[in-house]
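In case you want the letters, here they are:
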Amino acid sequence: MLNLIFLGPPGAGKGTQAQRLASRFGIPQLSTGDVLRRAVAEKSALGMKAKALMESGKLVPDEVVNGIVDEALARPEALRGFLLDGFPRTVAQATALDEMLARRGRRIDYVLNLEVPAEVLVDRLSGRLSCPNDGSVYHLRTNPPKRPGLCDKDGAKLVQRPDDQPEAVRRRLSEYQEKTALLTGYYKPRKVLRTIDGVGTPEEVEGRIASALRDHPTGGPAQP
Ligand code: AMP
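Predicted model only: the values in this text are computed from it and were never measured.

For strand S3 (residues 81-85), the buried fraction is high: 5 of the 5 residues fall into the buried class. Taking every second residue as pointing to the same face, both faces of S3 are buried, with Gly81, Leu83 and Asp85 on one and Phe82 and Leu84 on the other. As paired elements, strand S1 (residues 2-7) and S3 share 5 bridges and run parallel to each other. Residue pairing in the sheet places Asn3 in a bridge with Phe82 of S3. Sheet analysis places strand S2 (residues 29-31) next to S3, joined by 3 bridges and oriented parallel. Bridged to Gln29 within S3 is Leu83.

This is the structure:
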């Protein structure tokens, strides 16, 4: 069982790395951003509540995302572990997560904090293309899809996320600085925090994460 959280600003590579680790370890990736984007696309009540906030780069209310995570943790596939990507983003979310896990007799094994300088984040986000179906991420220059504009996995037309436009990017980075960055202080005393240099290719960063996980008490999750 491996319970992981990815921390880091928008564009740090949380989604990319969470997707890689999820398939490597056979545990589900839970991205609150992906769940919310699907809800917006489906125009559900949740999506209607979140749409304007997301598009302007603001956080959606804690109780909304807490509910999404609580539901996901109740699913049978989460019994083997989980990778949280984009949650928690506030101290209130972190304490809510602690309660959700305590109720289930579980705890966080690692908090992987991806560090990337601001100028690299802006470059990554401005060139990012995303698959609206499966959340796969590409970059116009550094990681282009095999066929221009189309997802390698399902052939869907790739889109630029509305919140990857410059003004929303600025807002997301400032939301991160104000509300999320201080979570490293929340987790540090528990000795679960691992800070990872997030600059480099996805393979390089994945290698650093694998080294950080090697001291897991069980010897690390089983490799496939
Ligand atoms: P992400 O895909 O993680 O960058 O999230 C995209 C957007 O979804 C964020 O800018 C927020 O508007 C919203 N969102 C995702 N996760 C959370 C969260 N844990 N707390 C609040 N808002 C969130």
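Another aspect to go through is the site of the ligand. Surrounding the ligand, one finds 16 residues, the nearest of these being Thr32, Arg37, Lys58, Gly86 and Gln93. At a separation of 3.1 Å, a nitrogen atom of the ligand approaches a polar backbone atom of Val60. Arg89 is positioned such that a nitrogen or oxygen atom in its side chain is 3.0 Å from a nitrogen atom of the ligand. Surface burial for the ligand is 97%, taken as the share of its 480 Å² of free accessible area covered by protein chains. Among the elements that line the shell around the ligand, the one with the most residues is helix H2 (residues 32-42), at 4 residues. Its residues assigned to classes, the shell around the ligand shows 6 nonpolar, 4 polar and 6 charged.

Moving on: the layout of surface pockets. Taken as a whole, the second largest pocket holds about 290 Å³ of empty space. Looking at the second largest pocket, it is lined by 18 residues, and the ones nearest its centre are Gln29, Leu30, Ser31, Arg38 and Arg75. When residues of the lining of the second largest pocket are assigned to their parent elements, the largest contribution, 4 residues, is made by helix H4 (residues 62-73). Its residues placed into classes, the lining of the second largest pocket shows 8 nonpolar, 4 polar and 6 charged.

Locating Lys14 in the fold gives a position in helix H1 (residues 14-25). With no salt bridge to any partner, buried Lys14 finds its closest opposite charge in Asp85, at an N-O distance of 5.2 Å. For Lys14, the contacting residues outside a window of four places in its chain are Phe6, Leu7, Gly8, Pro9, Asp85, Gly86 and Leu114.

This part takes up the nonpolar core. Inside soluble globular proteins, nonpolar side chains tend to come together where they are buried. Judged by nonpolar contacts, the single largest core of 28 residues is most densely connected at Ile5, Val69, Leu84, Leu97 and Val111. At the level of elements, S1, H2, helix H3 (45-56), H4, S3, helix H5 (91-103) and helix H8 (183-187) are the ones that each hand at least two residues to this core. The biggest single contributor to this core is H4, with 6 residues. Apart from the residues lying within four places of it in its own chain, the contact partners of Val69 are Leu30, Thr32, Leu84, Phe87, Leu97 and Met100.

One pass over the structure, following the stated rule, counts 1 aromatic pair. Arranged with centres 5.0 Å apart and planes meeting at 85°, the rings of Tyr186 and Tyr187 form a pair that is edge-to-face.

For the rest of this paragraph, the subject is the pairing of S1. The element S1 is largely enclosed, with a buried count of 6 among its 6 residues. With burial as the criterion, each face of S1 is covered, one bearing Leu2, Leu4 and Phe6 and the other bearing Asn3, Ile5 and Leu7. Pairing analysis gives 4 bridges linking S1 to strand S4 (residues 110-115), with the strands arranged parallel. Along S4, the bridge assignment pairs Ile5 with Val111.

About the criteria used
Residues numbered from 1 in each chain as written. Predicted model: local features only at pLDDT ≥ 70, side-chain atom pairs only at ≥ 80, totals over all residues. Heavy atoms only, no water. Buried < 20%, exposed > 50% of the residue type's maximum accessible area, 1.4 Å probe, protein only. Helix = DSSP H or I, 4+ residues; strand = E, 2+ residues; numbered from the N terminus. Pairing = 2+ DSSP bridges. Near = heavy atom within 4 Å. Polar contact = N/O pair within 3.5 Å; in protein donor to acceptor, adjacent residues only side chain to side chain. Areas by Shrake-Rupley, 256 points an atom, 1.4 Å probe, with all protein chains shown as cover. Nonpolar A, V, L, I, M, F, W, Y, C, P; charged D, E, K, R; others polar. 1 Å grid on protein atoms, 1.4 Å probe; cavity = no way out; pocket = protein on both sides within 12 Å on 5 of 7 lines; lining within 4 Å. Points joined across faces, edges and corners; volume = space filled by probe spheres on them. Lys, Arg positive; Asp, Glu negative; His and termini not counted. Salt bridge = Lys/Arg side-chain N within 4 Å of Asp/Glu carboxyl O. Contact = heavy atoms within 4.5 Å. Core = buried A, V, L, I, M, F, W, Y, C linked by side-chain atoms within 4.5 Å. Phe/Tyr/Trp six-rings, centres within 6.5 Å; stacked < 30°, edge-to-face > 60°.

By themselves, these observations are geometric and do not establish any function.
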